[in-house]
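In case you want the letters, here they are:
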Amino acid sequence: MGILEKISEIEKEIARTQKNKATEYHLGLLKAKLAKYRSQLLEPSKKGGDKGEGFDVLKSGDARVALIGFPSVGKSTLLSTLTHTHSEAASYEFTTLTCIPGVIEYRGANIQLLDLPGIIEGAAQGKGRGRQVIAVARTADLVLMMLDATKPYVHRQLLERELESVGIRLNKNKPNIYFKQKKGGGLSFNSTCQLTKVDEKMVQMILHEYKIFNAEVLFREDCTADELIDVILGNRVYLPCLYVYNKIDQISIQEVDRIARQPHSVVVSCNMKLNLDFLLETLWEYLALIRVYTKKPGQPPDFDDGLILRKGVTIEHVCHSIHRTLAGALKYALVWGTSTKYSPQRVGVAHSVHDQDVVQLIKK
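As the structure is a prediction and not an experimental result, all values here were calculated from the model. (Residues numbered from 1 in each chain as written. Predicted model: local features only at pLDDT ≥ 70, side-chain atom pairs only at ≥ 80, totals over all residues. Heavy atoms only, no water.)

1. Focus on the side chain of Asp230
Along the chain, Asp230 falls in helix 7 (residues 225-233). A distance of 2.9 Å separates polar atoms of two side chains, one belonging to Asp230 and the other to Arg169. In this view, Asp230 contacts Arg169, Arg236 and Tyr238; residues no more than four positions away in its chain are not counted. (Helix = DSSP H or I, 4+ residues; strand = E, 2+ residues; numbered from the N terminus. Polar contact = N/O pair within 3.5 Å; in protein donor to acceptor, adjacent residues only side chain to side chain. Contact = heavy atoms within 4.5 Å.)

And the structure:
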């Protein structure tokens, strides 16, 4: 019995098991087994053989965005419209067969946009080069999920399920569970809040499924069994995701309004170039990028060539992005902008900078 058969057997059993107090331990155990087999499926086989052609694209620019969606939803058209790269687009499915990178130049930042081949159902099991597509998505900073506004909502759920099954969690935070394996001493279980979804017995059963008998587990929030499994495996990727609904010129205005009000959703039309400026604005917001400008003493700030950094960075990060030895030689910095109480303010390396701040670095 292969791994795929085992997975489908467990999925069928989960589907036919009633969810109640008596079966929750059994379901927890099944979920742990399912996650175990799925992680085995993702690991490359040990046997040597012809190395398949992967989508190894060199990471460049300030951020990386992966375009994911079913065939013929307008991914290549979006890439050609937003970037200076041409990606073949036609009215038949699977026009794009490999990964095509493009660069969006926006607010002084270079954002790498990857046009990936269309995903089909069962991609997580390796159908239609799905595994390579999903492997590239894991390395991105943001997933841009292209959907057809004329198609039913079930398409979005299918894509989410494919990404969930390979360990990509969309628009979710990492579960606040402390987990540490130990050499001995048994299982130490504790929680700082009321647990309604799991208890000590279930945690113990899930850990035993992974052959873990000595560990320290501390729940800091009310998490489910699935979230505990994610923490135990430790190979999950938590990514922000933006749902982009294309072809809005083919549906009614009421439908467009309904879709646009959904969380994390943007409506566009690549063909008629509608709402693409708002898409770029939202993309910038989700990537949490900020611009910081530098200033030489006695000269005006250099507004043409800003530093592109992530939200929440400090003066120390600004120094590292200019030169790695600069942070050690820094005496203080003068900052103009919204992060200060008055301008200019004299600050140290721990000061957090905001978008469009101007920084002057003074060395020792």
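Having put the structure on the table, let's press on.
2. Remarks on the pairing of strand 7 (residues 187-191)
Looking at chain direction, strand 7 and strand 8 (residues 215-219) are connected through 5 bridges and run parallel. Bridge assignment links Asn190 to a residue of strand 8, and that residue is Leu218. Between the parallel elements strand 7 and strand 8, the chain passes through helix 6 (residues 200-209) in a crossover that is left-handed. (Pairing = 2+ DSSP bridges. Right-handed = clockwise from strand over helix to strand, strands pointing away.)

3. Some points on the side chain of Lys295
As for its position among the elements, Lys295 is in the loop between strand 12 (289-294) and strand 13 (307-310). Despite its burial, Lys295 pairs with no opposite charge, the nearest such side chain being Asp302 at 12 Å. A distance of 3.4 Å separates polar atoms of two side chains, one belonging to Lys295 and the other to Gln360. In contact with Lys295, other than residues within four places in its own chain, are Pro300, Pro301, Trp336, Val358, Val359 and Gln360. (Buried < 20%, exposed > 50% of the residue type's maximum accessible area, 1.4 Å probe, protein only. Lys, Arg positive; Asp, Glu negative; His and termini not counted. Salt bridge = Lys/Arg side-chain N within 4 Å of Asp/Glu carboxyl O.)

4. As for the sheet that holds strand 13
Strand order in this open sheet of 5 strands is 13-12-16-14-15, and the pairing throughout is mixed. Looking along the sheet, the strands with just one partner apiece sit at the ends: strand 13 and strand 15 (345-347). Ignoring which end each strand starts from, the neighbouring axes of this sheet average 35° apart. Taken together, the 4 bridges between strand 12 and strand 13 define a ladder with antiparallel strand orientation. Note that in strand 13 the partner of Ile290 across the bridge is Leu309. Taken strand by strand, helix 9 (residues 276-287) contacts strand 12 and strand 13, and its axis lies near 85° from that of strand 12. Each of strand 12, strand 13, strand 14 (330-336), strand 15 and strand 16 (357-363) touches helix 10 (residues 315-322); the most contacted strand, strand 13, lies at about 135° to it. (Axes fitted to C-alpha atoms, helices over the stretch in contact; angles between N-to-C directions.)

5. Focus: the pattern of salt bridges
A complete count under the given rule lists 12 salt bridges for this structure. With a shortest N-O distance of 3.4 Å, Glu160 and Arg156 are connected by a salt bridge. In this pair, Glu160 and Arg156 are both assigned in helix 5 (residues 154-165), 4 residues apart and thus about one turn of the helix distant. Looking at Arg156, the relative accessible area reads 9%, which means it is buried. Residue Asp257 pairs with Arg261 through a salt bridge whose shortest N-O separation is 3.2 Å.

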